[in-house]
There are 2 protein chains.
Amino acid sequence: PISQDIDHILETQSALSVDLGGTNLRVAIVCMKGNILKKYTETNPNTFEERMFLIIKMCKDAMRDAVGLNCRILGVGVSTGGRVNPQEGVVLHSTNLIQEWSSVDLRTPISDALGLSVWVDNDGNCAALAERKFGHGRRVENFVTIITGTGIGGGIIHQNELIHGSTFCAAELGHIKVSLEGPECSCGSHGCIEAYASGLALQREAKRLHDEDLLKAEGMDIKLSEPITAAHLVSAARMGNPKAEAVLCKASTALGVGIVNILHIVNPSLVILSGVLASYYKEPVQHVISEKALISSQSIKVVTTDLDEPALLGAASMVLDYATRRTY
Amino acid sequence: PISQDIDHILETQSALSVDLGGTNLRVAIVCMKGNILKKYTETNPNTFEERMFLIIKMCKDAMRDAVGLNCRILGVGVSTGGRVNPQEGVVLHSTNLIQEWSSVDLRTPISDALGLSVWVDNDGNCAALAERKFGHGRRVENFVTIITGTGIGGGIIHQNELIHGSTFCAAELGHIKVSLEGPECSCGSHGCIEAYASGLALQREAKRLHDEDLLKAEGMDIKLSEPITAAHLVSAARMGNPKAEAVLCKASTALGVGIVNILHIVNPSLVILSGVLASYYKEPVQHVISEKALISSQSIKVVTTDLDEPALLGAASMVLDYATRRTY
Ligand SMILES: [Ca+2]
Ligand SMILES: [Ca+2]
Ligand SMILES: [Zn+2]
Ligand SMILES: [Zn+2]
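Remember, it's a predicted structure, so these values are computed and weren't measured experimentally. (Residues numbered from 1 in each chain as written. Chains lettered and ligands numbered in written order. Predicted model: local features only at pLDDT ≥ 70, side-chain atom pairs only at ≥ 80, totals over all residues. Heavy atoms only, no water.)

**Student:** So what exactly am I meant to see when it comes to the coordination of the zinc ion (ligand 3) here?
**Tutor:** Four donors placed tetrahedrally around a metal ideally meet at 109.5 degrees, and six donors placed octahedrally ideally meet at 90 or 180 degrees. All names here are of chain A. Binding of the zinc ion (ligand 3) to the protein goes through His175 (ND1), Cys185 (SG), Cys187 (SG) and Cys192 (SG), at separations of 2.0 to 2.4 Å. Coordination geometry of the zinc ion (ligand 3): the four donor atoms subtend angles of 104 to 120 degrees at the metal centre, consistent with an arrangement described as tetrahedral. The sequence pattern formed by the donor residues of the zinc ion (ligand 3) is H-x9-C-x1-C-x4-C. (Donors = N, O, S within 2.8 Å, 3.2 Å for Na, K, Ca; no water. Tetrahedral: all angles 85-135°; square planar, octahedral: opposite > 155°, others 65-115°.)

**Student:** Just to check I follow, could you spell out the interface of chain A and chain B for this structure?
**Tutor:** Many authors give the size of an interface as the accessible area that is lost as the parts come together. On the side of chain B, 45 residues touch chain A, which itself brings 45 residues to the contact. Roughly 3,700 Å² is buried in total at the junction of chain A and chain B, and carbon and sulfur atoms are behind 62% of that figure. A per-residue breakdown of the area chain A buries against chain B is headed by A:Leu180, A:Ile265 and A:Leu294, which together make up 21% of the total. Put simply, chain A and chain B have zero salt bridges between them. On the surface where chain A and chain B come into contact, there are 34 residue pairs in polar contact (both at pLDDT 80 or more). Those elements giving two or more residues to the side of chain A that touches chain B turn out to be strand 10 (152-158) and helix 8 (242-266) of chain A. (Contact = heavy atoms within 4.5 Å. Buried area = accessible area lost by both parts, 1.4 Å probe. Salt bridge = Lys/Arg side-chain N within 4 Å of Asp/Glu carboxyl O. Polar contact = N/O pair within 3.5 Å; in protein donor to acceptor, adjacent residues only side chain to side chain. Helix = DSSP H or I, 4+ residues; strand = E, 2+ residues; numbered from the N terminus.)

**Student:** Honestly, the pattern of salt bridges in this entry has me stumped. Any pointers?
**Tutor:** For side chains bearing opposite charge, pairing can occur when the charged atoms are close. Residue and element names in this part refer to chain A. On inspection of all chains with the given rule, the structure shows 28 salt bridges over all chains. Glutamate 11 is the salt-bridge partner of arginine 72, the closest N and O atoms lying 2.9 Å from each other. Highlighted residues: arginine 72 in strand 4 (residues 71-80) and glutamate 11 in the loop between helix 1 (4-9) and strand 1 (12-20), separated in sequence by 61 residues. The class of arginine 72 is partly exposed, set by a relative accessible area of 40%. Looking at glutamate 11, the relative accessible area reads 22%, which means it is partly exposed. Between lysine 39 and glutamate 309 there is a salt bridge; the shortest N-O distance is 2.6 Å. A residue pair is termed long-range when its members are at least 10 positions apart, and lysine 39 in strand 3 (residues 36-43) and glutamate 309 in the loop between strand 13 (301-304) and helix 10 (310-323) qualify at 270 residues. Connected through salt bridges with shared partners, the residues Asp19, Arg26, Lys39 and Glu309 form a single ionic network. (Buried < 20%, exposed > 50% of the residue type's maximum accessible area, 1.4 Å probe, protein only.)

**Student:** What am I meant to see in helix 6 (residues 199-211) of chain A here?
**Tutor:** Given 3.6 residues per helical turn, the α-helix brings residues three or four places apart onto the same face. Residue and element names in this part refer to chain A. Over its 13 residues, helix 6 runs 18 Å from end to end, which matches the ideal 18 Å to within 8%, given 1.5 Å per residue. Among all positions of helix 6, only Gly199, Ala201, Leu202, Glu205, Ala206 and Leu209 are buried. All buried residues of helix 6 project into a common sector of 160 degrees when viewed along the axis, lining one side. In this structure, the buried residues of helix 6 make contact with helix 5 (193-197), helix 7 (230-238), helix 8 and helix 9 (278-292). Just past helix 6, the residue aspartate 213 takes up positive phi, approximately 60 degrees. (Expected span 1.5 Å × (residues − 1). Arc of directions from axis to C-beta.)

**Student:** What am I meant to see in the coordination of the calcium ion (ligand 1) here?
**Tutor:** Residue and element names in this part refer to chain A. On the protein side, the calcium ion (ligand 1) has Gly154 (O) and Ala171 (O) as donor atoms, found 2.4 Å from it. A residue pair is termed long-range when its members are at least 10 positions apart, and glycine 154 in strand 10 and alanine 171 in the loop between strand 11 (161-162) and helix 5 qualify at 17 residues. Just as glycine 154 is buried, alanine 171 falls in that class too.

**Student:** Which parts of the structure should I look at to understand the sheet that holds strand 9 (residues 143-148) of chain A?
**Tutor:** Two strands in a sheet stick together by hydrogen bonds in their backbones, pointing the same way (parallel) or opposite ways (antiparallel). Residue and element names in this part refer to chain A. If you walk across this open sheet you meet the five strands as 11-10-9-12-13, and the pairing is mixed. Of all the strands in the sheet, the pair left with one neighbour each is strand 11 and strand 13. One ladder, built from five bridges, connects strand 9 with strand 12 (residues 270-274); its direction is parallel. Bridging from a neighbouring strand, valine 144 pairs with valine 271 of strand 12. Of the strands in this sheet, strand 9, strand 10 and strand 12 touch helix 8, which is tilted by about 160 degrees from strand 9. (Pairing = 2+ DSSP bridges. Axes fitted to C-alpha atoms, helices over the stretch in contact; angles between N-to-C directions.)

**Student:** Explain the packing of aromatic side chains here, please?
**Tutor:** To describe a pair of aromatic rings, one takes the distance between the centres and the angle between the planes. Residue and element names in this part refer to chain B. All told, the structure shown has six aromatic pairs over all chains when counted by the stated rule. Between tyrosine 280 and tyrosine 281, the ring centres sit 5.6 Å apart and the planes meet at 70 degrees, which makes this aromatic pair edge-to-face. Overall, tyrosine 280 belongs to the partly exposed group, its relative accessible area being 22%. Using a relative accessible area of 0% as the deciding quantity, one classes tyrosine 281 as buried. (Phe/Tyr/Trp six-rings, centres within 6.5 Å; stacked < 30°, edge-to-face > 60°.)

**Student:** Just checking my understanding: could you explain the relation of the copies chain A and chain B for this structure?
**Tutor:** In summary, the two copies of the chain are related to each other by a rotation about an axis coupled with a shift along it. Once turned by 180 degrees and shifted 0.0 Å along the axis, chain A lies on chain B with an RMSD of 0.0 Å. Read as a symmetry element, the transformation amounts to a two-fold axis. Interface overlap between copies is the fraction of interface residues in one copy that are interface residues in the other; for chain A against chain B it reaches 100%, indicating a shared surface. (Least-squares fit on C-alpha atoms with pLDDT ≥ 70 in both.)

**Student:** I would appreciate a short explanation of the nonpolar core in the present structure.
**Tutor:** Side chains of a nonpolar character, in soluble globular proteins, are inclined to be buried together. Judged by nonpolar contacts, the single largest core of 102 residues is most densely connected at A:Ile146 and B:Ile146. When neighbours within four sequence positions are excluded, B:Ile146 is seen to be in contact with B:Ile152, B:Gly153, B:Gly154, B:Leu173, B:Leu255, B:Ile259, B:Ile262, B:Val271, B:Ile272, B:Leu273 and B:Ser274. (Core = buried A, V, L, I, M, F, W, Y, C linked by side-chain atoms within 4.5 Å.)

Encoded structure:
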C-alpha cells in the first residue's frame with residue numbers, strides 16, 4: 001500500500017540476533033523498539049563446523065528476508081552459553097551443554113561472511129542488556145538479572161554497565177555456592193545454586209522420586225511414555241506431595257541464599273528473574289531475602305521479567321546501542 | 001637541626017585518621033607517603049555520647065601534636081565498623097560489636113569541632129582504599145580485600161573505584177553464606193563465613209573443645225587462668241590435635257568457598273587477605289579456589305597484605321586523595 005519511495009524512507013533500523021543455547025540455535029530480526037520481526041529456530045549442531053555453517057546460513061536467510069520486511073540490518077549480536085571475551089568476540093570456554101565451544105572466534109568468520117559488524121556476549125549478560133534497554137532495568141543504575149532455565153545464568157549491571165570482571169568470569173551466578181558439600185554441578189564442583197535450582201536439577205530430583213514411585217500425588221496422572229520433567233515436580237508439590245514440596249523448598253532456599261550473596265557483594269536495588277521457573281521462584285526468593293539478608297539490603301525489589309526473549313533482545317541491543325551512539 | 005624557616009617549607013602534608021572498632025578507638029597522624037607519624041589508642045566507649053566526646057578529644061590532642069611534628073593536617077578520615085553512607089558521612093547501621101551506633105552523623109559534629117573536612121567509610125572499604133594507595137592494590141584495576149579479624153569484613157575495588165552499592169551494603173563480605181543452615185552469625189542469620197572463620201568463631205570453637213577437655217595436644221600447656229582464644233586452636237592443630245584440625249579445615253573451606261563466590265560474581269584479578277588470621281588462611285584459600293572455582297577464574301592471585309594498619313591508612317587516603325586531587 002505505501003509506495004516504494006516512502007518504504008525506503010521508513011526503513012526500520014534493525015539488528016540480527018543470534019542465540020546459541022544447549023538445545024537450539026536461533027536467529028531473529030529485531031527492530032529498534034525491541035520487537036522481533038522474524039525468528040528462525042534450528043537444533044544447535046553438536047560439532048563446531050556444522051554450527052558455524054548453520055549460523056552463517058541462517059543469518060544470510062534472515063538478511064534476505066529483511067529486505068522484504070524493509071529492515072536495514074545494522075550489525076549482528078550474538079548471545080551464547082559459556083564465558084565470552086566481548087572485546088574480541090571470542091568464546092573462551094563453555095560447559096558441556098554446548099560441545100566444541102572453547103577458544104572460538106565468532107566475530108571474524110561471521111563478520112567476513114556477512115560484511116557486518118559483530119558483537120558477542122554470553123546469554124546471562126545479554127539478558128541483563130535486554131532488561132537495561134527494553135525491560136524492568138530501564139533507568140535502574142544497579143540491578144541483577146538471573147535466568148532460571150535448564151541451567152542458571154545471569155548478568156550484573158553496575159552504574160549502568162555490565163560487570164565483566166578481569167577474566168570475563170564475572171556474573172557466573174549459577175555457580176554461586178550455598179553449601180560446603182551439596183549436589184554435583186555441571187561445572188564439576190559441588191553446592192552451586194545451579195545444582196539445586198535449575199530445570200535440570202529439578203528434573204534430576206523428579207526422576208529420582210519417580211524411580212522410587214514417590215512422585216505421584218492424588219489426582220495426578222503420569223503416563224508411562226511421558227518423560228519426567230521439573231514440571232511434574234511442581235505439579236506434585238501443588239497437589240500436596242510432601243517429598244516434592246521438600247525438594248522445591250530446598251531449591252528455593254538455595255536460590256534465595258545465592259541471591260542474598262549477590263546482595264551482600266554488589267548490593268543492587270533490583271533483582272529481575274527470568275526463565276521458565278521465574279514466576280515459581282519469585283515469592284520464595286523474596287521470603288528468603290526477608291529472612292536472611294542484612295537489614296540494609298532488604299529494600300531490594302524482586303520482579304519477574306516482562307520480556308519474552310531476553311537473550312535475543314540483549315544481543316540485538318549491543319548492535320542497536322552501538323550503531324546509534326552519539327559519541328565516537 | 002634544620003632551621004624553623006626550612007621546617008615551614010618542608011611541612012608534611014598529612015591526614016588525621018580515626019579507626020572505630022569493636023574494642024578500640026584509635027587516632028593517627030598519617031603522612032602522604034603512608035607513614036604513621038603518631039598513634040593514639042583508647043578503649044572504645046560503650047555509649048554514643050562518650051564515644052563522640054572521646055573522638056573529638058583525641059583528634060584535638062593529635063592536632064596539637066601535629067604542630068610539633070611539623071605536619072599540616074588536611075582533613076579527617078574515619079574508618080568505622082557498620083554500614084556507612086560515605087556521601088553524607090553517616091553510619092547507617094552497625095552490628096552489636098559497636099553499641100549505640102546506628103543513624104549517626106559523624107561528619108557534622110567532627111567537622112564543626114575541628115574546622116576540618118571529614119570523610120567516613122566502613123573499615124572494610126577503608127582497608128581496600130589503603131591497598132589501592134599504599135599496598136598490593138596499586139595499579140590493580142579489580143581487586144578484593146578481606147579482613148579476617150574478630151569479625152570478617154572487606155572491600156571491593158572495581159575499575160579502580162569502591163563498589164558501595166545501592167544502599168551502601170555492598171562488600172558485606174563477612175555475611176556471604178556458604179551453608180543453607182550453619183552456625184549462627186552476629187548478624188542474626190546462619191551460615192555466614194564470619195560465623196565459621198572469624199576470630200570470634202574460632203574462639204567459640206576453641207572454648208567448646210576446651211570445655212570438653214579436647215583442646216589439649218601433646219606438648220601444649222594451657223594455664224587455668226588463661227583465656228581461651230583462636231590462637232590455642234591454631235597451636236593445637238599444629239601439634240596434631242585432630243579435633244582442632246577439623247575445625248580449622250572447615251573454617252578455611254568456608255572462607256575459601258565465600259571467596260569463590262566473590263570470584264564468580266565480580267571476578268577480580270587479586271585477593272588481598274589482612275587481619276590476624278591472614279597468613280594462616282592464605283594457603284588453604286588458594287587450595288579451595290583451585291579445587292572449586294571455575295577454570296576461567298583460577299588465574300586469581302591470593303596474597304597477604306604488607307600494610308600494618310589498613311583501616312587507618314585507608315581512612316587517611318580518603319583525605320590525602322581528595323585534598324591533593326588535580327581536578328575540581
Ligand atoms: Ca553471566
Ligand atoms: Ca565491607
Ligand atoms: Zn557449578
Ligand atoms: Zn552474618
